[in-house]
Structure formats: C-alpha cells, structure tokens
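For reference, the chains in residue letters:
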Amino acid sequence: MKITVYGTMTCAYCFALKDWLSERGVKFEYHFIDVDYKKAKEMFEVSGGQTAVPFSTIEHDGELEKIVGFDRAKFNKILKEHGK
Amino acid sequence: MANKRVDVVIVGAGPTGLTAALYLARDGFAVTVLEQLVVGGQVATTNRIENYPGFAEGVSGLALAADFRTQAEKFGAKIKSAGAIDIQPSQDGFVVVTDDGELTARAVLVATGSTPKLTGIPGEKKFIGRGVSTCATCDGAFYKNQRVAVVGGANAAVQETLHLVNMVAHVDLVVRSELKASRVLLDQLDKLIQSGQVTLYQGFTPIEVVGGEKVSALKIKNNVRKTEKTLKIDGLFVFIGRLPNTGWLRAVELDVDGFVIVNNDLETSVPGIFAGGDVRSGSVKQIAAAVGDGAAAALSIRDYLSKC
Ligand SMILES: Cc1cc2nc3c(=O)[nH]c(=O)nc-3n(C[C@H](O)[C@H](O)[C@H](O)COP(=O)(O)OP(=O)(O)OC[C@H]3O[C@@H](n4cnc5c(N)ncnc54)[C@H](O)[C@@H]3O)c2cc1C
C-alpha cells in the first residue's frame, strides 16, 4: 500500500491528517504543492483538477483510491482492510 | 478507544474547548478533549489574527492554535482524535459515544463550534473542491495570479479578501446587503478598491456558479434593478455566516437555529452538560469570547463537580 498526501504550508487540515497518519504509524509521502510546482502539476493530473487540499491517493491491490479532505472514516476503512 | 472514565469530556478542541481543558486540567481534573478534525478549530484555518489581546503585532492562526494546544496539554489534558455522536445519561454521569468508542464522564462541555454556511445557488455544490472553497488560508494558493470572487460582507469575508489579494490577480467582492466589518478592515479594503485590486459589488446577490470542468464565472443579480452580471472568475470563496455543529446532539435543548441554549452558568437544559463558544445560542463568534466562555464553563463545571 502506498499513500501520497498533497497539501500546502498553510492548511491546518493537511497538518491534522499528517499527524493522524503519523500517530498510527502509517507510512506516507507528503508534498507541499505550494512550493513544489512539479507535485502540484502531478496532483492536478491525478485528481482531475482538484483545487482543495489535503488530497490523498492510496495505491492498494492494484487500485488507486482518491480521498479529498481529512476524511477519517475513509482512511480508517482502508487502513483497517490492511490491518493497520 | 476502550470505555474510559474521566472527570470531564470536552467535545471540540477549538479555543473554547482548549481553554476549558487548560483550566480544568490545571485544577487537577482528568480531562479528555475530543476533536474530529483540526486541533485549534477555526483558529487553525485563519491566516492572521489581529484582535486577540496579547499579540500586539498579530499572530498566525496555526501558531495560536498550536500554543492553545501546548498549554492545555502541559497541565495534563488529553486530546483524542474522535468525533462525538451522542451523549447519554448514565448512573455516574454521562456516556459520550464517539466514532471510536465510548467515554464516561461526570460532566461534559459541548464546544463544537460552527461550520461555514453555503449559498445554495446552482453550481455551488458541484464545484466544491473544484473552484468553490470556504477556506482562503487552505486553498488560496491554487489561484495564484487568477481572478476570484468572495461572497459575504462581514468580518470573515473582508478579512479573507485582504488575505487573498496577496496571492491572486483580482478579487470581486459580492455583498448582498451591507458591509458589516470592523473599521480597520474596511479602511484596508477601501485602499484595495481604490487601487483596483478589489471590485466591490454591493447590493448584488449571487445566483449561479458557472463552469465546465472547473469554475469559469459567477452570475450575480442587482437587488434593485434586477439586472444580471457575469463575473469571469477561476475560484469562488464563500463567507456568509456559520451553522452550529449540533447535528449530532440530541441530549439538550437547542434554539430555532440549532444553537445550544444555556443559562448564565453556561449550563444546558441538562444539569452536568455545559456549552460555550460559537455553538451556544447568542455567542458573538470571536476568539476572545470563545476563550472567555471556555474559562467560565470550566469554573461552572468545577462548581458542579464539587456538589455532586
Ligand atoms: C475565516 C475566519 C476568520 C476568523 N477571524 C477571526 C479573528 O480575526 N478574530 C476573532 O476573534 N475570531 C475570528 N474568527 C472566529 C473564531 O475563529 C471563532 O469564533 C472561534 O474559533 C470559535 O471557537 P470555538 O472553540 O467555539 O469553535 P471552533 O473554533 O469552531 O472549534 C470547534 C471544534 O469542535 C470540533 N467538532 C465539531 N463537532 C465535533 C464532534 N461532534 N466531535 C468532536 N469534535 C467536533 C470542530 O472540528 C472544531 O475543531 C474567524 C473565523 C473564520 C472562519
């Protein structure tokens, strides 16, 4: 399972998600798209033009799940399925 | 979360909840604060705060939220990442049911604050997260050198307009009736209107968000002449007021708008359940007032616990 989170330096929801994943010992990549233009472009392409952060992708079992916002319920469901 | 017993459960870790937590934990009570989203509440999502006493130069919302948290935790308050879904009476107080287990407490403080109201106009819902936002601090960076509109006429709308102009090319500010912001904000806004960075549409009502893949325009209507105008924009920010976070709360009496009714001690219709800050009926929705409510509620809870 690979988790990628896109956020900005000023987004409290992004930091909350980051803390929440870290507290659970979940590994993830985090990109500040306000300073990393390449990653901003990548997020735009993967999300199909999303303009809100945090935006996360979870690659698991050959699928790519996309989560908009700090959606604990969705994250919990996927993490539970993977025994986290 | 296993069923844990504490003296006080505080629902919501905004300025109200974190102040009450600091007071009660410092008094030696076992306190757990439940937070379903962001510790610091609305403060954490505000760019800059200039009217909270003690910070003469102003303070960033994220920094103030972090300090509120540190100070509460320093005295032993515990913060849990969970959302409350019910409060039920029990033999020795209350059971607070969350989306991650239950907690038993002798008293409960509801400090769940409020969430942004939306206009409800066609197109708005479709473009949320794709051009429509309620958080300039979070999403403003997406509109670098682009045109945005802000809808709303109170402090939050003007404050966020002042923040957005630092990033975007231009802001159309759409105000349905009157501008009701503080003098200092209005003076700064005036300067931006003079310089052409902001165009004010006062007496206009937004009627539709237009776009294909993403937002391309906002249609507005003049309230008197009934004429329509189309503003070419890339993003829309909505700041038209707040709704109470009480959808989950069945245990206590609410007013017609859903805010919690309290007495002078900030006690609700159920003895032992208290409420304060943005979520209570009649609050002024300011950080200093929320902090005041947090302190007042903590003292009332201390009194309540000493009697039972
Ligand atoms: C853009 C903006 C700018 C602002 N600027 C200023 C300013 O300059 N000066 C000023 O004084 N005020 C300002 N305010 C208002 C101020 O932020 C609020 O009045 C204050 O934060 C209210 O505090 P609170 O603790 O009552 O509620 P909130 O800050 O709303 O906190 C409530 C917390 O409870 C959580 N919660 C909700 N339901 C549940 C549940 N069921 N379970 C667990 N947790 C839950 C929420 O996630 C939230 O974190 C601003 C607000 C906004 C939106």
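Here the structure is a predicted model, which means the values were calculated and not measured.

S.K.: So what exactly am I meant to see when it comes to the overall build of chain B here?
M.R.: Along the backbone of chain B there are 6 helices and 19 strands. Against the 2.2 N^0.38 benchmark of 19 Å for 308 residues, chain B shows a C-alpha radius of gyration of 21 Å, consistent with a compact globule. The principal-axis extent of the C-alpha atoms belonging to chain B is close to 65 × 40 × 35 Å. Going through the 308 residues of chain B one by one, you find that 51% of them count as buried. For chain B, restricting intrachain contacts to residue pairs at least 6 apart in sequence, the fraction spanning at least 24 positions comes to 59%. When the accessible surface of chain B is totalled, it reaches about 13,900 Å², and 49% of it is carbon and sulfur.

S.K.: Sorry if this is basic, but what is going on with the pairing of strand β3 (residues 55-60) of chain A here?
M.R.: It is a general feature of regular strands that their side chains alternate between the two faces of the sheet. Residues and elements named next belong to chain A. Here β3 lies mainly inside the structure; 5 of its 6 residues are buried. Examined bridge by bridge, strand β1 (residues 2-7) and β3 share 5 bridges and lie antiparallel to one another. When the sheet's bridge partners are listed, Lys2 is paired in β3 with Glu59. Where β3 and strand β4 (residues 63-68) come together, 6 bridges link them in antiparallel fashion.

S.K.: Could you clarify how one ought to interpret the side chain of Thr98 of chain B in this entry?
M.R.: Residue and element names in this part refer to chain B. As for its position among the elements, Thr98 is in strand β7 (residues 93-98). Within the local environment of Thr98, its side chain forms a polar contact with the backbone nitrogen of Asp100, the two atoms lying 2.8 Å apart. A polar contact of 2.8 Å, which involves the side chain of Thr98, links it to the backbone oxygen of Gly101.

S.K.: Would you mind going over the site of the ligand with me for this structure?
M.R.: All names here are of chain B. Taken together, 34 residues form the shell around the ligand, and within it Thr16, Glu35, Gln42, Asn51 and Ile287 come nearest. Gln159 places a polar side-chain atom, nitrogen or oxygen, 3.0 Å from an oxygen atom of the ligand. Burial of the ligand by the protein amounts to 94% of the accessible area it has alone, namely 1,000 Å². Elements supplying a minimum of two residues to the shell around the ligand: α1 (15-26), β2 (31-35), α4 (155-164) and α6 (287-307). Grouping the amino acids of the shell around the ligand by side-chain chemistry returns 13 nonpolar, 16 polar and 5 charged.

S.K.: Is there a simple way to think about the interface of chain B and chain A in this case?
M.R.: Size of an interface: often given as the accessible area lost when the parts come together. Counting residues at the interface gives 20 residues for chain B and 22 residues for chain A. Carbon and sulfur atoms make up 55% of the surface buried where chain B meets chain A, a total of about 1,800 Å² over both sides. By the criterion of area lost to chain A, the three top residues of chain B are Leu37, Arg130 and Phe142 of chain B, representing 30% of everything that side buries. Our count for the contact surface shared by chain B and chain A stands at 1 salt bridge. Note that Arg72 of chain A is salt-bridged to Asp99 of chain B, the shortest N-O span being 2.9 Å. Between the two partners, chain B and chain A, sit 13 residue pairs in polar contact (both at pLDDT 80 or more). The biggest single contributor to the side of chain B that touches chain A is helix α3 (residues 136-139) of chain B, with 3 residues. Each residue belonging to the side of chain B that touches chain A can be placed in one class, and the counts come to 9 nonpolar, 7 polar and 4 charged.

S.K.: Quick question: what am I supposed to make of the sheet that holds strand β13 (residues 198-202) of chain B here?
M.R.: Note: strands within a sheet are paired through backbone hydrogen bonds, in either parallel or antiparallel orientation. Within the open sheet, the 5 strands sit side by side as β10-β17-β11-β12-β13 (chain B). Their pairing is parallel. Edge strands, defined here as strands with exactly one partner in the open sheet, are β10 (132-133) and β13 of chain B.

S.K.: I keep staring at empty space enclosed by the protein and nothing clicks. Help me out?
M.R.: Empty space left among the atoms is revealed by rolling a probe the size of a water molecule over them. All names here are of chain B. For the coordinates displayed, the defined rule picks out 1 cavity of 30 Å³ or more. Lining the largest cavity are Gly277, Asp278, Arg280, Ser283, Val284, Lys285, Gln286, Ala289, Ala290 and Asp293. Looking at the lining of the largest cavity residue by residue, the classes come out as 3 nonpolar, 3 polar and 4 charged.

S.K.: So what exactly am I meant to see when it comes to the environment of Leu189 of chain B here?
M.R.: Residue and element names in this part refer to chain B. Residue placement: Leu189 occurs in helix α5 (residues 183-194). Residue Leu189 is classed as buried on the basis of its relative accessible area of 1%. Those residues in contact with Leu189, other than ones at most four positions away along the chain, are Val158, Thr161, Leu162, Leu173, Leu179 and Val198.

S.K.: Please clarify how the packing of α1 of chain B against helix α2 (residues 61-74) of chain B should be interpreted in this entry.
M.R.: The geometry of a pair of packed helices is captured by two quantities: the angle between their axes and the separation between those axes. Residues and elements named next belong to chain B. Where α1 meets α2, the axes come as close as 8 Å, and the angle between the chain directions of the two elements is 25°. With respect to α2, the axis of α1 lies roughly parallel. For the pair α1 and α2, the sense of crossing is left-handed. Judged by residue contacts, Pro15, Leu18, Ala21 and Leu22 of α1 engage Phe68, Arg69, Gln71 and Ala72 from α2. The residue inventory of the contact of α1 with α2, partitioned by class, reads 6 nonpolar, 1 polar and 1 charged.

S.K.: It is not clear to me how unusual backbone geometry should be interpreted in this structure. Could you clarify?
M.R.: Comment: phi is negative for the bulk of residues other than glycine, and the bulk of peptide bonds are trans. Residue and element names in this part refer to chain A. With an omega of 0°, the peptide bond running from Val53 to Pro54 counts as cis. Even without glycine at this site, Asp61 takes up a positive phi of about 50°. As for its placement among the helices and strands, Asp61 is situated in the loop between β3 and β4. Judged by its relative accessible area of 67%, Asp61 is exposed.

Rules used in this analysis
- Residues numbered from 1 in each chain as written.
- Chains lettered and ligands numbered in written order.
- Predicted model: local features only at pLDDT ≥ 70, side-chain atom pairs only at ≥ 80, totals over all residues.
- Heavy atoms only, no water.
- Helix = DSSP H or I, 4+ residues; strand = E, 2+ residues; numbered from the N terminus.
- Rg over C-alpha atoms; globule rule 2.2 N^0.38 Å.
- Buried < 20%, exposed > 50% of the residue type's maximum accessible area, 1.4 Å probe, protein only.
- Contact = heavy atoms within 4.5 Å.
- Areas by Shrake-Rupley, 256 points an atom, 1.4 Å probe, with all protein chains shown as cover.
- Pairing = 2+ DSSP bridges.
- Polar contact = N/O pair within 3.5 Å; in protein donor to acceptor, adjacent residues only side chain to side chain.
- Near = heavy atom within 4 Å.
- Nonpolar A, V, L, I, M, F, W, Y, C, P; charged D, E, K, R; others polar.
- Buried area = accessible area lost by both parts, 1.4 Å probe.
- Salt bridge = Lys/Arg side-chain N within 4 Å of Asp/Glu carboxyl O.
- 1 Å grid on protein atoms, 1.4 Å probe; cavity = no way out; pocket = protein on both sides within 12 Å on 5 of 7 lines; lining within 4 Å.
- Points joined across faces, edges and corners; volume = space filled by probe spheres on them.
- Axes fitted to C-alpha atoms, helices over the stretch in contact; angles between N-to-C directions.
- Parallel < 35°, antiparallel > 145°, perpendicular 65-115°, else oblique.
- Left-handed = near helix turned anticlockwise from the far one by under 90°.

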